[in-house]
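Results of the structural survey
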Amino acid sequence: MCGIVAYIGPKQAYPIIVKGLKRLEYRGYDSAGIALINDTLKIYKTKGKVSDLELTLEGKDIQGNIGMGHTRWATHGEPNDENAHPHLSQSGNLAVIHNGIIENYGTIKEELIKRGHTFESDTDTEVLIHLIEDIQLNENISIDEAVRLALNQVIGAYAIVILVKNEPAKLIAARKGSPLVVGLGREEGEFFLASDATPIVEYTRDVTYLNDGEIAFVKDGKLSIKTIENIAKTPFIQKLEINLEEIEKGGYPHFMIKEIFEQPKSIYDSIRGRIDSVQGKIAMRSIQEYEDKLRNVKRLILIGCGTSWHAALVGEYLFEEFARIPVEVEYASEFRYRNPIIYPDDLVIAISQSGETADTLAAIELAKEKGATVFGVCNVVGSSIPRMSHAGAYTHAGPEIGVASTKAFTAQVSVLTIMALAVAQIRGAISQERLRLVLSELEAIPQLVEEALKTNDHIMKLAAIFKDSRNFLYLGRGVNFPVALEGALKLKEISYIHAEGYPAAEMKHGPIALIDEDMPIVVIAPKRGMYEKVMSNIQEVKARKGKIIAIVTQGDTKIKEMADYVIEIPDTEEALTPLLSTIPLQLLSYHIAVLRGCNVDQPRNLAKSVTVE
Ligand code: G6P
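Rules of the game
Residues numbered from 1 in each chain as written. Predicted model: local features only at pLDDT ≥ 70, side-chain atom pairs only at ≥ 80, totals over all residues. Heavy atoms only, no water. Helix = DSSP H or I, 4+ residues; strand = E, 2+ residues; numbered from the N terminus. Rg over C-alpha atoms; globule rule 2.2 N^0.38 Å. Buried < 20%, exposed > 50% of the residue type's maximum accessible area, 1.4 Å probe, protein only. Contact = heavy atoms within 4.5 Å. Areas by Shrake-Rupley, 256 points an atom, 1.4 Å probe, with all protein chains shown as cover. Lys, Arg positive; Asp, Glu negative; His and termini not counted. Charge placed at Lys NZ, Arg CZ, Asp CG, Glu CD. Salt bridge = Lys/Arg side-chain N within 4 Å of Asp/Glu carboxyl O. Expected span 1.5 Å × (residues − 1). Near = heavy atom within 4 Å. Polar contact = N/O pair within 3.5 Å; in protein donor to acceptor, adjacent residues only side chain to side chain. Nonpolar A, V, L, I, M, F, W, Y, C, P; charged D, E, K, R; others polar. Patch = residues over 30% accessible without salt bridge, like charges linked within 9 Å, V, L, I, M, F, W, Y side chains within 5 Å. Pairing = 2+ DSSP bridges. Axes fitted to C-alpha atoms, helices over the stretch in contact; angles between N-to-C directions. Core = buried A, V, L, I, M, F, W, Y, C linked by side-chain atoms within 4.5 Å. Right-handed = clockwise from strand over helix to strand, strands pointing away. Parallel < 35°, antiparallel > 145°, perpendicular 65-115°, else oblique. Left-handed = near helix turned anticlockwise from the far one by under 90°. Phe/Tyr/Trp six-rings, centres within 6.5 Å; stacked < 30°, edge-to-face > 60°. Lys NZ or Arg CZ within 6 Å of the ring centre and 35° of its normal.

The number of helices and strands found in the protein is 20 helices and 27 strands. For the protein, the C-alpha radius of gyration of 25 Å lies close to 25 Å, the compact-globule estimate for 613 residues. By its C-alpha atoms, the protein is 80 × 55 × 45 Å across when sized along the principal axes. Within the protein, the fraction of its 613 residues that count as buried is 61%. At a minimum sequence separation of 6, the contacts of the protein that also span at least 24 residues come to 72%. Taken as a whole, the protein presents about 23100 Å² of accessible surface, with 49% of it coming from carbon and sulfur. Across the protein, the 67 positively charged side chains and the 82 negatively charged ones have centroids separated by 2 Å.

Within the structure shown, the criterion is met by 38 salt bridges. Salt-bridge contacts for Arg-285 lead to Glu-289; the nearest nitrogen and oxygen are separated by 3.7 Å. Separated by four residues within a single helix, Arg-285 and Glu-289 lie in helix H8 (residues 285–289), roughly one turn from each other. The exposure classification of Arg-285 matches that of Glu-289, with both residues exposed. Of the charged contacts, one joins Arg-434 and Glu-573 as a salt bridge, the two residues approaching to 2.9 Å between their closest N and O atoms. One end of the pair, Arg-434, is in helix H15 (residues 432–452); the other, Glu-573, is in the loop between strand S27 (565–569) and helix H20 (578–595), and 139 residues separate them in sequence. Given a relative accessible area of 29%, Arg-434 falls into the partly exposed group. A single network of salt bridges, built from pairs that share partners, joins Lys-19, Arg-23, Glu-202 and Glu-248.

Now for helix H1 (residues 13–24). A rise of 1.5 Å per residue sets the reference length of H1, with its 12 residues, at 16 Å; its end C-alpha atoms lie 16 Å apart and thus fit the reference within 8%. The secondary structure elements touched by the buried residues of H1 are strand S1 (3–8), strand S2 (31–38), helix H2 (50–56), strand S4 (66–72) and strand S10 (191–194).

Ser-308, Ser-352, Gln-353, Ser-354 and Thr-357 are the nearest of the 13 residues found near the ligand. Contacts to the ligand include Gln-353, whose backbone N or O atom sits 2.7 Å from an oxygen atom. Calculation on the ligand without its partners gives an accessible area of 390 Å², and the protein chains cover 90% of this total. The residue makeup of the shell around the ligand, split by class, is four nonpolar, eight polar and one charged.

So, on to a negative patch on the surface. There is a patch of like negative charges on the surface, built from Glu-78, Asp-81, Glu-82, Glu-120 and Asp-122. One can find Asp-122 in the loop between helix H3 (105–114) and helix H4 (124–139).

On to the sheet that holds strand S9 (residues 181–184), then. One open sheet holds the eight strands; their spatial order is S3-S2-S4-S1-S10-S9-S11-S15, and the pairing between them is antiparallel. For this open sheet the edge positions go to strand S3 (40–47) and strand S15 (238–239), each flanked by a neighbour on one side alone. In this sheet, S4 lies alongside S2 in antiparallel orientation, the contact comprising seven bridges. Along S4, the bridge assignment pairs Ala-35 with Met-68. Against the sheet, H1 contacts S1, S2, S4 and S10, and its axis sits at roughly 160 degrees relative to S1.

Right, let's get into the side chain of Ser-286. As for its placement among the helices and strands, Ser-286 is situated in helix H8. Residue Ser-286 is classed as buried on the basis of its relative accessible area of 4%. Beyond its immediate chain neighbours, meaning those up to four positions away, Ser-286 contacts Phe-375, Ala-391 and Gly-392.

Turning to the nonpolar core, a few remarks are in order. In this structure, Phe-319, Ile-349, Met-419, Phe-472 and Tyr-474 are the most contacted members of the largest nonpolar core, which totals 89 residues. A per-element tally of this core places helix H14 (residues 407–426) first, with 12 residues. If we skip the residues at most four places from it in the chain, Ile-349 touches Ile-301, Leu-302, Ile-303, Phe-319, Phe-375, Val-377, Leu-416 and Met-419. Leu-21, Tyr-26, Ala-194 and Ile-200 belong to the second-largest nonpolar core, a separate cluster that totals 32 residues.

Moving on, we come to the pairing of strand S26 (residues 547–553). Most of S26 sits inside the fold, with six of its seven residues counted as buried. Bridging between strand S25 (residues 520–525) and S26 involves six bridges; their strand directions are parallel. Bridging across to S26, Ala-525 finds its partner in Val-552. With helix H18 (residues 531–543) bridging S25 and its parallel neighbour S26, the resulting β-α-β unit is right-handed.

Here we come to the environment of Pro-326. Secondary-structure assignment places Pro-326 in the loop between helix H10 (306–323) and strand S19 (327–331). As for Pro-326 and Glu-316, which are separated by 10 residues in sequence, their C-alpha atoms are 8.2 Å apart. Other than its neighbours up to four places away in sequence, Pro-326 contacts Lys-298, Arg-299, Leu-300 and Glu-320.

Relative to the helices and strands, Gly-597 is located in the segment after H20. Residue Gly-597 is classed as exposed on the basis of its relative accessible area, which comes to 63%. Note: C-alpha distance between Gly-597 and Ser-495 (102 residues apart in sequence) is 8.5 Å.

Turning our eyes to something else, we now look at unusual backbone geometry. The amide bond that connects His-85 to the next residue, Pro-86, takes the cis arrangement and shows omega of 0 degrees. By secondary structure assignment, the location of Pro-86 is in the loop between S4 and strand S5 (87–88). Even without being a glycine, Asn-140 presents a positive backbone phi close to 55 degrees. Mapping Asn-140 onto the fold places it in the loop between H4 and helix H5 (143–153).

It is worth spelling out the packing of helix H7 (residues 263–271) against H14 at this point. Two elements in contact, H7 and H14, have axes separated by 9 Å at closest approach and are oriented at 30 degrees. For the element pair H7 / H14, the angle class is roughly parallel. H14 is crossed by H7, and the crossing has right-handed handedness. Between H7 and H14, the residues in contact are Gln-263, Ser-266, Ile-267, Ser-270 and Ile-271 and Lys-407, Thr-410, Ala-411, Ser-414, Val-415 and Ile-418, respectively. Looking at side-chain class alone, the contact of H7 with H14 contains five nonpolar, five polar and one charged residues.

For the structure shown, the criterion picks out eight aromatic pairs. Taking 3.9 Å as the distance between ring centres and 15 degrees as the angle between the ring planes, the aromatic pair formed by Trp-309 and Tyr-331 counts as stacked. Of this pair, Trp-309 sits in helix H10 while Tyr-331 sits in strand S19; the two residues are 22 residues apart in sequence, bridging distant segments of the chain. You can call Tyr-331 partly exposed: its relative accessible area is 38%. Here the aromatic residues Phe-466, Phe-472, Tyr-474 and Tyr-565 are joined through ring pairs into a cluster of three or more. Looking at Lys-109, its charged tip hangs above the ring of Phe-119, at a distance of 5.2 Å from the centre. Over the aromatic face of Tyr-496 sits the side chain of Arg-604, whose NZ or CZ is 3.8 Å from the ring centroid.

Quick look at the structure:
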């Protein structure tokens, strides 16, 4: 969602904020704005990207050692200059930037209008800053206290930063439901605030993550934290683990392609130290700590959103295949509002790249209330989901900046594979021999992904053939059905071509009606699994003149004869094929989107991390 960055210290704030906004732009990019204090409070904002903001600032006064910036993903109010953040209080003394939604802003706004307030935007954010000032002036209290009281009145989610015109050595920030990290600069009195660590990492490694319901005050070079209930907190300082190179493009034209090509490493990092195929051993702390629970667990519920939900679907197959435990997979957004039946001996596994997705967070809260144990499988260290979960495991994919998730997905699938095998071992559902075999195949996956990436040039040519197609169908069976869904999602989100993923055999119950000579159909058809069945599905398509692009195992001859085009991937254990079959689909969507002139890393209307409902 929206990106927030703020700075106070001895340096000029503007360059730090603009660079930070560019790093955060993957969170949202409808509009951008900045506030700086130097004698007076200056606000600059515009519809469009951070680069548009920079253009409007040419020749303007951008001096100041304190400031904040925002990149917006619109919720309340269309993207335009007025609705861009920062927003000002009625007197103009306070400015705020906000990520989240103030749900009761309508009633507060009505009340404030009756009290003489006027509003310039349609946003919930402007209402919040008016409310803070209204409380401060009416009750004649400090701004700090007014912020605290106002936050007790609002319902919803927020990460906010406030600047005060007549107190130019102060930043106030607060969080509930939307992430916010405070960086402690290397210089005396230097602090950074941001939605995630990417704008901070180049300046400091010492950070503290605000918890829900906490307010941070940076005043006269010192940081203090209290809760909205007015309880003082000692900041817990931790070291950032990401590196600058990880959040830069490193010579690639887009983050997405860089991240696709990073997968041999991100998968390797996600399995490294966790498996030993020679000994047939798995080391995953959460699994060891919860061994008794896992031995007796009756059911797993896997939850996530978007690509993470697709990883959950692969996880369903893996846990059922290896551990023989019944699994349910749920969209977090559906689960949270469904009054689901959850038993104390259920294990909920929440999967999320960002660890901040609002629906997934709410689903975890619900599962915990109902007594379930919750494991998190997340990529961002220190994010909310790992902190809320009882246990879990990180995927070590490194920062994923491209909005379309690629390396996070394969890292999730790798970690879920290890979890499923570990649980299978605990429950005696897998023989040591088979375990060792699957583990050794898993150890080989990074190398095989490297191999699969060699299809890139061939796929670029296919992309040129199909770039103008209006629809695509993706078909897969078994563990590759979720891969079909993921392939279709990748294509639609970055190239805006309509695409659907289907279990191959379901095609004849509807989508077959769409097939004609203009329809490309991507079929995932590795030789393991239901190869013969998939071949029949291909025949059904060919009979209707559809164009088949088949993902096949290297050396396949039968499908080659039937398909119009084939993309070869290396052979592996059936359960591990998604880690390879996904790769060409990511590349296909990437190249089609590039050829169509789409903004691959920042597709329209999407955001990397959805921290609102
Ligand atoms: C957004 C992103 C997707 C992502 C989904 C879930 O829609 O654009 O790429 O899969 O959120 O995010 P999470 O961080 O929970 O995996």
